[in-house]
Number of protein chains: 2
Amino acid sequence: MKANTKRQTRQLQVIWEAIKDEKSHPSADQVYEKVRRVMPSVSLGTVYRNLQKLVADEKLQVVTVGRTQRFDPTVEKHEHFICEACGRVYDFFVDSKRKIFSSSLPSEAFTVTSHQLALYGKCKSCQG
Amino acid sequence: MKANTKRQTRQLQVIWEAIKDEKSHPSADQVYEKVRRVMPSVSLGTVYRNLQKLVADEKLQVVTVGRTQRFDPTVEKHEHFICEACGRVYDFFVDSKRKIFSSSLPSEAFTVTSHQLALYGKCKSCQG
DNA sequence: TTTGATGCAAATCATTTGCATGGGT
DNA sequence: ACCCATGCAAATGATTTGCATCAAA
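Keep in mind the model is a prediction, meaning the values are calculated, not measured.

**Description of helix α3 (residues 44–56) of chain A**
Residues and elements named next belong to chain A.
Here is step 1: Between the first and last C-alpha of α3 there are 18 Å, a value that for 13 residues agrees with the 18 Å anticipated at 1.5 Å per step.
Here is step 2: Of the positions making up α3, those classed as buried are T46, V47, N50, L51 and L54. Viewed end-on, α3 has its buried residues packed into an arc of 135°, placing them on one side of the element. Opposite its buried face, α3 presents the exposed residues R49 and Q52, each directed more than 90 degrees away.
Here is step 3: Contact partners of the buried residues in α3: α1 (10–19), α2 (28–38) and β2 (68–72).
Here is step 4: Downstream of α3 by a residue or two, E58 has a phi angle that is positive, lying close to 60°.

**Brief notes about the relation of the copies chain A and chain B**
Here is step 1: After a rotation of 180° and a shift along the axis of 0.0 Å, chain A superposes on chain B with an RMSD of 0.0 Å. Expressed as an axis order, the relation between the two copies is that of a two-fold axis. Within chain A, the C-alpha atom positioned nearest to the axis of rotation is that of L117(A), 2.2 Å from it.

**Observations regarding the side chain of T74(B)**
Residue and element names in this part refer to chain B.
Here is step 1: Among the secondary structure elements, T74 is positioned in the loop between β2 (68–72) and β3 (79–83).
Here is step 2: Overall, T74 belongs to the buried group, its relative accessible area being 17%.
Here is step 3: Not counting chain neighbours up to four residues away, the residues in contact with T74 comprise Q61, D91 and F93.

**Examining the environment of V75(B)**
Here is step 1: Within the secondary structure, V75(B) is located in the loop between β2 and β3.
Here is step 2: When neighbours within four sequence positions are excluded, V75(B) is seen to be in contact with E58(B), K59(B), L60(B) and Q61(B).

**Topic: the packing of α1(A) against α3(A)**
All names here are of chain A.
Here is step 1: Orientation of α1 relative to α3, taken along the N-to-C sense of each, is 70°, at an axis distance of 10 Å. Put simply, α1 runs roughly perpendicular to α3. Counted together, Q11, L12, I15, W16 and I19 of α1 and T46, V47, N50, L51 and L54 of α3 form the full contact between these two elements.
Here is step 2: A breakdown of the residues in the contact of α1 with α3 according to their chemical character gives seven nonpolar, three polar and no charged.

**Examining the protein's contact with DNA strand D**
Here is step 1: Surrounding DNA strand D, one finds 21 residues, the nearest of these being Y48(A), Q69(A), R7(B), Q11(B) and T46(B).
Here is step 2: Between S43(B) and DNA strand D, the recorded distance is 3.1 Å, taken from a backbone N or O atom to a phosphate oxygen.
Here is step 3: Of all the secondary structure elements, the ones that give two or more residues to the surface near DNA strand D are α3 and β2 of chain A together with α3 (44–56) of chain B.
Here is step 4: When the residues that make up the surface near DNA strand D are grouped by side-chain class, the tally is three nonpolar, 10 polar and eight charged.

**Overview of the protein's contact with DNA strand C**
Here is step 1: Residues in contact with DNA strand C amount to 21 residues; listed here are only the nearest, R7(A), T46(A), R7(B), Y48(B) and Q69(B).
Here is step 2: The share of sugar and phosphate among atoms of DNA strand C within 4 Å of the protein is 68%.
Here is step 3: Note that a sugar or linking oxygen of DNA strand C is positioned 2.9 Å from one of the side-chain N or O atoms of Q11(A).
Here is step 4: Within the side chain of K53(A), an N or O atom sits 3.1 Å from a phosphate oxygen of DNA strand C.
Here is step 5: Within the residue set of the surface near DNA strand C, elements represented by two or more residues are α3 of chain A together with α3 and β2 of chain B.

**Structural notes on the side chain of H78(B)**
Residue and element names in this part refer to chain B.
Here is step 1: Locating H78 in the fold gives a position in the loop between β2 and β3.
Here is step 2: A polar atom in the side chain of H78 sits 2.9 Å from the side chain of D72.
Here is step 3: Engagement of the side chain of H78 in a polar contact is seen with the backbone oxygen of E76, the distance being 2.6 Å.

**Overview of the nonpolar core**
Here is step 1: In this structure, F81(A), C123(A), F81(B) and C123(B) are the most contacted members of the largest nonpolar core, which totals 20 residues.
Here is step 2: When contributions to this core are tallied by element, the ones reaching two or more residues are β3 (79–83), β4 (89–92) and β5 (111–122) of chain A together with β3, β4 (89–92) and β5 (111–122) of chain B.

How each quantity is defined
- Residues numbered from 1 in each chain as written.
- Chains lettered and ligands numbered in written order.
- Predicted model: local features only at pLDDT ≥ 70, side-chain atom pairs only at ≥ 80, totals over all residues.
- Heavy atoms only, no water.
- Helix = DSSP H or I, 4+ residues; strand = E, 2+ residues; numbered from the N terminus.
- Expected span 1.5 Å × (residues − 1).
- Buried < 20%, exposed > 50% of the residue type's maximum accessible area, 1.4 Å probe, protein only.
- Arc of directions from axis to C-beta.
- Contact = heavy atoms within 4.5 Å.
- Least-squares fit on C-alpha atoms with pLDDT ≥ 70 in both.
- Axes fitted to C-alpha atoms, helices over the stretch in contact; angles between N-to-C directions.
- Parallel < 35°, antiparallel > 145°, perpendicular 65-115°, else oblique.
- Nonpolar A, V, L, I, M, F, W, Y, C, P; charged D, E, K, R; others polar.
- Near = heavy atom within 4 Å.
- Polar contact = N/O pair within 3.5 Å; in protein donor to acceptor, adjacent residues only side chain to side chain.
- Core = buried A, V, L, I, M, F, W, Y, C linked by side-chain atoms within 4.5 Å.

In short, shape yes, function no, at least from these values alone.
In structure tokens form, the structure reads like this:
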């Protein structure tokens, strides 16, 4: 907790506690509902603002599914599999990315700073 | 023009004309503005509905940039480079994708039906 | 005490939808 | 004539923001 985070408020602590071990890639609203249980007076705006801070501090990553941002406490570089049946998001790791990307750029004049790879399909719980 | 498209309306024709040779990956609103010039009475809702039809008919592809859908008349499978400085979107093609993806799935129990790869950075017009 | 953070509500942005009317077929 | 498509406006969903007040430092 540093950089963009200037004050250690109780709501920031509670929000971080609510998401730090989440594997479900919750939306801001889902985080809000979870935080509400322990701090009913929290506001949705505060949840949004603190999630932004955590992202800026690189304690969270964002995955966009449809029109909704979802938050992932796994910050190591990784990719996502999005189940089109149930909406669940799964993390997975690829090692051989670097060479793939650098060999297929539109031109050397393009500087790549990041990338995003998402696979869509049916997860194992939704087969059949 | 078939499948989901049941009627050949003038607005559908005009909307298709407006986007079919576009390289700029316009948003619905940008298509609307362009269509308005030739058909001032068109409504934004109609533009949205017809863009959806064209996507369903596989005459257009969607690229999501931030919270906004952008439309691409290039329907062959390809990837996107998104310039974080100017917002422009560039198409590019990768051949060796298949082997990469199939070798890095979370598990064989996951069925992948599509994927989306986007590179972010600075395009050649925005260097320096 | 100072000033960033909060709660609340209103605002914004992109997109969708309900409904009466219009226009393809 | 049928009934899908349109124009319009209101509704929706996600997220942001203005502002008076509160509480970390």
